[in-house]
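Descriptive analysis of the structure
Next come the chains, spelled out residue by residue.
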Amino acid sequence: MLIKTAMRSLIILFIVGISTVGPTHLIAQNPELNGSAAIFQQLQKLQVLGSVLYIAAHPDDENNSLLPYLAKEKKYRTAYLSLTRGDGGQNLIGPEQGVELGLIRTQELLAARQIDGSEQYFTSAYEFGFSKTASETLQYWDRKKVLADMVWVIRKFQPDIIVNRFPPDARAGHGHHASSAVLSIEAFKAAADPNQFPEQLSKGVKVWQAKRLLWNTFNFGGANTTSENQLKIDVGVFNPFLGQSYGEVGGEARSMHKSQGEGRPRRKGPVFEYFATIAGDTAKYNLMDGIVTDWGRIPVGGKTVEELIKKIITQFDFIQPAQSINDLTKLYQQVQSLSYDGVWKAQKLHEIETLIIACAGIVVEATTETEYAVPGEKLGIQFLVNKRSTVPIILDKIQLNTTDHSTFDTSINIQLQNNINYTLNYVSLVSIDQPYSQPYWLSAPMKDMGTFDVSDYELIGRANSKPPFTAKLNFIINGVGTTINVPIQYKFVDLVRGEIFQPLNVIPRVVISMDKNVLLKNIKTPGKKDISNTNLLLQVKSNFNATNLPVTISLKEGEKYLFSKDTVMNLTTGSIYSYFIDLGAALGKQNPANIHAELKFQLNGKVYAYDQMLKTIKYDHIPSINYLFKDQARIINEPIVSIPKKVGYIVGAGDKVPEALSQLGHKVDILQESDIVEAKLASYDVIVVGIRAYNIHEWLTNKNEIINRYIEQGGHLIVQYLKSNLVGNKRVKVGPYEFAMSNIRVTEEKAPVQLLQAQHPFLNSPNKIDEKDFDNWVQERSTYQMEPVKAPYEAILQMNDTNDKPTNGSLVTSKYGKGNFTYVSLVLFRQLPAGVAGSYKLLANLVSLPPNK
């Protein structure tokens, strides 16, 4: 039954198909057209058949002023190919690291693309951490696989020109940066060679030779690679339709990289960009020298299409954009009739389709009031359609498609009225075999921590996984069949942010997690009772209802069962059930290195086993992120001696060091700005400052003298790494003496470590530290060291990457009055969650340093 009602709605246009026979499958990412100014600019873009692919290594490597200039001023189809998702970077806004940070930065890139009008693509390369050379990077990455991904994107996108952000040498400043250029140069040639990756040619792409490969030279990071004899373009021009220059648009787009602290001003005035040709024909006057970028590149029929577009633009009515629909429909049919079978036909048909829908004022929503869909459970879906124009439009049919089969198909055949909402409610039963939602690059184990395992050509290059449910709505406009496909989304109203749309995810009936990711089984506390961390809390969250259900709860190492317990559960949707397990009793003499939990039951004659945790990441500037993984705990059996202290912790950019301190038996309080007073600080043996806290909290600099008096009276201040010597535009004040960090870092996690002061308490009390305690470190050794180390500071360790000079600034300390100041650029914040035993021993020693006599 179709219900007519009045409601507010939001324009959400995703994939559109239009034809006189049936819908067309589209290949491009879609712009969002809001208002006549956006529609008019998209009409102008119909005239342009030029494309640019920009290539670099990471999210935030792209040139955020250049991209909107190319996409919105020159009207080129523009895309950014980021080789990685930024997994190994640092996080200014929260504790997420590794793949979780990559998930965040993926969405930040997509948010930036929504602003600058470009498309976004990726390869399967993993950002494993800072790398100093391309040779090191390409040892970690599966070079052939990453190159194949790049060639695939080039062949599919078919750019007229390719632009590199970086050079293939040390001037790039980062091994990943240089590698992106090395591989781009290879891909430029390989994409045109039928003998390179020939298997791709049977998957719907053709060989492609871009006209030229350029390098977008730069002046930043202490390197000026620009020259006045290079091609020079002012990209800071003003767009009256936007009311902004592209420097301003770029500032907004750049500021979406919030996890990297990349907030930028909206630049006004000239913004000059420089380009040097690397391969292909040299560009002398403009980027597209020698390239036909209008309909003249389609010799048969292109001129007719061009004249039709000019007519539509000339006659466009900003007050009544719907008046262009008749001509747009004719234009669509004219383009569809072209014998040309290149990428531009599909691309321009897509652009015309989007314009017809926008001019007609068609609004479509397909939403649910539940955040998750569960296999075997019901899912209520609300369809809403609104036509905001006087154009005669018939809503013919609504279909609901899942990833495996169509579940709903209804014929409607109703004439839509102007600005009247039509809604239809439907309850779908989610197939028990419906796949879970998962970022596609995380669906299989990674290859040697360097490359994600992605082999499906339908997925290579994509920014996101495909939505699990899609609604297809068929319309008839001027006698022509039109299809709009929209993903089913979770819709709700937040009392602060207002109406919110989020992705709908399919999750298991049961998810299971543990309260600890590292278990220290053997903590020795001199003079006190030893600490037992063998109590493990399992939490089972049910996403369905079941009564008197026999279940088996198990602990496993890999596929080996270590412990199992049978019980009966009454499960209610949304409820969480807790189980305490004494690992000492459960494991007996077994000493597994890693464990995970499993819940198994039989239902309707079929056995189901669940061993995944659902992790949800939420920040206001990006959509909510959900992914599934086995929640594993690493068990450290090695004896660690800890002297419990009262510790104050000042949170910085986010890390899990407080949890590690608690496991070592310390009483940890989180300190706020209001706590930084002498009387309060005096109650703590140690104050530990989180990563980058001095770069985030100006009040730490403002209250430096109070903190220094705490040290002077016998306290110990431990400061984890800073990224710069500034907080905003102000120089930081850290500790009682002159302090400055550098950009020196040791990125090889296996770099040899020399103990400079083997008798120092940090290396002896209460744990003996030797070179073996630096085994099994992950990603890197240290970052942003204090260099040079001058008196009164003492350097404890020395280390260096291959071919670099030895550095001493990873762990430095100094006495001040009765107390001590310590700077730690060792990446303990990475090692502790990874369960590296040596990092726990070292942390225990740092915190245990007694006052000076």
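Residues numbered from 1 in each chain as written. Predicted model: local features only at pLDDT ≥ 70, side-chain atom pairs only at ≥ 80, totals over all residues. Heavy atoms only, no water.

**What about the sheet that holds strand S25 (residues 510–514)?**
Reading across from one edge, S25-S28-S31 is the order of the three strands in this open sheet, with antiparallel pairing throughout. If you trace the sheet from one side to the other, it starts and ends with S25 and strand S31 (576–582), each paired once. In this sheet, adjacent strand axes meet at a mean angle of 20° when their direction is disregarded. Strand direction decides the pairing type here: S25 and strand S28 (residues 535–542), joined by five bridges, are antiparallel. Along S28, the bridge assignment pairs Val510 with Ser542. (Pairing = 2+ DSSP bridges. Helix = DSSP H or I, 4+ residues; strand = E, 2+ residues; numbered from the N terminus. Axes fitted to C-alpha atoms, helices over the stretch in contact; angles between N-to-C directions.)

**Quick word on the packing of helix H2 (residues 66–73) against helix H7 (residues 246–254)**
Two elements in contact, H2 and H7, have axes whose closest approach is 8 Å; the angle formed by their N-to-C orientations is 120°. Put simply, H2 runs oblique to H7. As H2 packs across H7, the resulting crossing turns out to be right-handed. Touching Pro68, Tyr69, Lys72 and Glu73 of H2 are Tyr246, Val249 and Gly250, all from H7. Across the contact of H2 with H7, the residue classes tally to four nonpolar, one polar and two charged. (Parallel < 35°, antiparallel > 145°, perpendicular 65-115°, else oblique. Left-handed = near helix turned anticlockwise from the far one by under 90°. Contact = heavy atoms within 4.5 Å. Nonpolar A, V, L, I, M, F, W, Y, C, P; charged D, E, K, R; others polar.)

**A few points about helix H18 (residues 837–848)**
The end-to-end C-alpha distance of H18, which contains 12 residues, comes to 17 Å, matching closely the 16 Å that a straight helix rising 1.5 Å per residue would cover. Burial within H18 is extensive, with 12 of its 12 residues counted as buried. Buried within H18 are the following residues: Ala837, Gly838, Ser839, Tyr840, Lys841, Leu842, Leu843, Ala844, Asn845, Leu846, Val847 and Ser848. (Expected span 1.5 Å × (residues − 1). Buried < 20%, exposed > 50% of the residue type's maximum accessible area, 1.4 Å probe, protein only.)

**Side note on unusual backbone geometry**
In this chain, Ser765 is followed by Pro766 through a cis amide linkage whose omega measures 0°. By secondary structure assignment, the location of Pro766 is in the loop between strand S44 (753–755) and strand S45 (794–795). Between Ala791 and Pro792 the backbone carries a cis peptide bond, its omega angle lying at 10°. As for its position among the elements, Pro792 is in the loop between S44 and S45.

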